[in-house]
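Residue-level structure breakdown
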Amino acid sequence: MSLTAMFEETQTGLTDRYFPINLSTVRVDSILDFDLYTRVGGGGQPVLFRSRDLPFPADVHQRLVDNGVRQLFVRNDDRRKYRQYLEHNMGDILRDDTLELAEKSEILYSTSTSLMSDMFENPRQPEGIRRCQEMVEHTVDYILSGRQTCQSLISLTSHDYYTYTHSVNVCIYSVMLTKVLFPGGDERVLKELGTAFLLHDIGKCHVSPDIINKPGPLTPEEWAIMRRHPEEGYQILTELGFMNHDIGVIVMQHHERYDGNGYPKKLKGEEIHLYGKICCISDVFDALTTNRPYRAASSSFDALAIMKKEMIKNFDPDFFAKFVYLFQS
Ligand SMILES: [Fe+2]
Ligand SMILES: [Fe+2]
């Protein structure tokens, strides 16, 4: 069972009260604030294995490994607590040499998308920015740890469009592009930029899903609402105390286009800040490589070809050339 699937509703008829988790996500010596369940003999209804508020010692973990148990269960009521547990333990999980790269990437990706789903539901939650910053710190450390981690994350980016998966995808692509453009750049700056890339569309929390997912062209009124999201995002982040020049240009300029045909200010060429240009390229690429109601997702190769042949005037050509490099194996 993939880790992404653990966040989806259980379809198997097993139960609608539990969801599966991988044993590898339960960290030795951590204290859980959710009950853990197991299935005796690998089948039937889950039974309580370990109560919340108890530590999870090494001998208990080893006993499960010795018995071939790789999957445990958590009650659906505790889903949010489990997600936050993953957030708290992400550094430990990503440093664990016994975990496969693919598994780490999937834990990081699914936890990030869940966090963003929370953010769009409740964008003004007081601890939201801190949670995003911590998650981006892990993501940047992970990306900086090598090219293989980048390839692994790219292979996981969701091709189904949700604003929260789009946010994580754009963050991943933009951090990678920034790293390629400025290889000696300051890590702390990259982490701050990463958080702004992650939150670039937070203003869309005010746009109805009917508009975001509309299968046909938007009416002029709907376009007017859609075009407000950079300014609304700027407003929300300012209220949350997460704003400075660099964050501002990412949120405000990610829909500006190099040829001056973007919004909200129709900036052109070098009027667009380099961070705005980076976010713009990632944003368009992710839009092309995800399924939308009006067209199917393109492959990475096809999306890059479309961007080069049909849309190149929208982008800084040097930045686009570096972006292509990210997808060369
Ligand atoms: Fe946007
Ligand atoms: Fe976007």
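Residues numbered from 1 in each chain as written. Chains lettered and ligands numbered in written order. Predicted model: local features only at pLDDT ≥ 70, side-chain atom pairs only at ≥ 80, totals over all residues. Heavy atoms only, no water.

1. Concerning the overall build of the protein
Counting its secondary structure elements, the protein contains 15 helices and 4 strands. Its C-alpha radius of gyration of 21 Å places the protein within 12% of the 20 Å reference for a compact globule of 329 residues. Each of the three principal axes of the protein carries a C-alpha extent, and together these read 65 × 45 × 40 Å. Looking at the protein as a whole, 52% of its 329 residues qualify as buried. Considering only contacts within the protein whose residues lie at least 6 apart along the sequence, 68% involve residues at least 24 apart. Accessible area for the protein stands at about 15,300 Å²; split by element, carbon and sulfur atoms hold 51% of it. (Helix = DSSP H or I, 4+ residues; strand = E, 2+ residues; numbered from the N terminus. Rg over C-alpha atoms; globule rule 2.2 N^0.38 Å. Buried < 20%, exposed > 50% of the residue type's maximum accessible area, 1.4 Å probe, protein only. Contact = heavy atoms within 4.5 Å. Areas by Shrake-Rupley, 256 points an atom, 1.4 Å probe, with all protein chains shown as cover.)

2. A word on the packing of helix α13 (residues 274–288) against helix α15 (residues 317–325)
In the contact formed by α13 and α15, the axes pass within 10 Å of each other and the chain directions differ by 50°. The pairing of α13 with α15 is recorded here as oblique in orientation. The way α13 lies across α15 gives a crossing that is right-handed. Between α13, through Leu274, Lys277, Ile278, Ile281, Ser282 and Phe285, and α15, the contact on the second element is made entirely by Phe319, Phe320 and Phe323. Split into classes, the residues belonging to the contact of α13 with α15 amount to 7 nonpolar, 1 polar and 1 charged. (Axes fitted to C-alpha atoms, helices over the stretch in contact; angles between N-to-C directions. Parallel < 35°, antiparallel > 145°, perpendicular 65-115°, else oblique. Left-handed = near helix turned anticlockwise from the far one by under 90°. Nonpolar A, V, L, I, M, F, W, Y, C, P; charged D, E, K, R; others polar.)

3. Brief notes about the domain arrangement of the protein
Here the domain parsing of the protein yields domain 1 (1–88) and domain 2 (99–208 + 217–325). A separation of 32 Å is found between the C-alpha centroids of domain 1 and domain 2. Contact residues are listed per partner, giving 14 residues for domain 1 and 13 residues for domain 2. The junction of domain 1 with domain 2 conceals about 1,100 Å² of combined surface from both sides, 49% of it contributed by carbon and sulfur atoms. (Domains from an automatic or database assignment. Buried area = accessible area lost by both parts, 1.4 Å probe.)

4. Brief notes about the coordination of the iron ion (ligand 2)
Geometrically, a metal with four donors at the corners of a regular tetrahedron has ideal angles of 109.5 degrees, and one with six donors at the corners of a regular octahedron has ideal angles of 90 or 180 degrees. In the first shell of the iron ion (ligand 2), the protein supplies His166 (NE2), His200 (NE2), Asp201 (OD) and Asp283 (OD), at 2.0 to 2.3 Å from the metal. Considering all 4 donor atoms around the iron ion (ligand 2), angles at the metal cover 88 to 178° and the coordination shape is irregular. For the iron ion (ligand 2), the single-chain donor residues occur in sequence as H-x33-H-D-x81-D. Between the iron ion (ligand 2) and the iron ion (ligand 1) the interatomic distance comes to 3.4 Å, and aspartate 201 is a ligand of both metals. Taken together, the positions of histidine 166 in helix α7 (residues 163–181) and aspartate 283 in helix α13 put the pair 117 residues apart, joining distant regions of the chain. (Donors = N, O, S within 2.8 Å, 3.2 Å for Na, K, Ca; no water. Tetrahedral: all angles 85-135°; square planar, octahedral: opposite > 155°, others 65-115°.)

5. Side note on the coordination of the iron ion (ligand 1)
Looking at the iron ion (ligand 1), the protein donor atoms are Asp201 (OD), His229 (NE2), His254 (NE2) and His255 (NE2), and they sit 2.1 to 2.2 Å from it. Around the iron ion (ligand 1) sit 4 donor atoms, and with donor-metal-donor angles ranging over 87 to 179° the site reads as irregular. Ordering the donors of the iron ion (ligand 1) by residue number gives the pattern D-x27-H-x24-H-H. Accessibility expressed as a relative area gives 10% for histidine 255, which makes it buried.

6. Some remarks on the nonpolar core
Leu36, Leu199, Met307 and Phe323 are the most contacted members of the largest nonpolar core, which totals 77 residues. The element best represented in this core is α7, accounting for 10 residues. For this core, the domains that each give at least three residues are domain 1 (1–88) and domain 2 (99–208 + 217–325). Every residue in contact with phenylalanine 323, bar those within four places of it in the chain, is listed here: Tyr173, Leu177, Ile281, Ser282, Phe285 and Leu304. Membership of the second largest hydrophobic core comes to 7 residues, among which are Tyr161, Ile212, Leu218 and Tyr263. (Core = buried A, V, L, I, M, F, W, Y, C linked by side-chain atoms within 4.5 Å.)

7. Description of the packing of aromatic side chains
Within the structure shown, the criterion is met by 13 aromatic pairs. Each member of the aromatic cluster is reached from another via a ring pair, and the members are Phe19, Phe34, Tyr82 and Tyr85. Sitting over the face of the ring of tyrosine 325, arginine 147 holds its NZ or CZ atom 5.1 Å from the ring centroid. The ring of phenylalanine 319 has lysine 277 sitting right over it, with the charged end atom 5.2 Å from the ring centre. (Phe/Tyr/Trp six-rings, centres within 6.5 Å; stacked < 30°, edge-to-face > 60°. Lys NZ or Arg CZ within 6 Å of the ring centre and 35° of its normal.)

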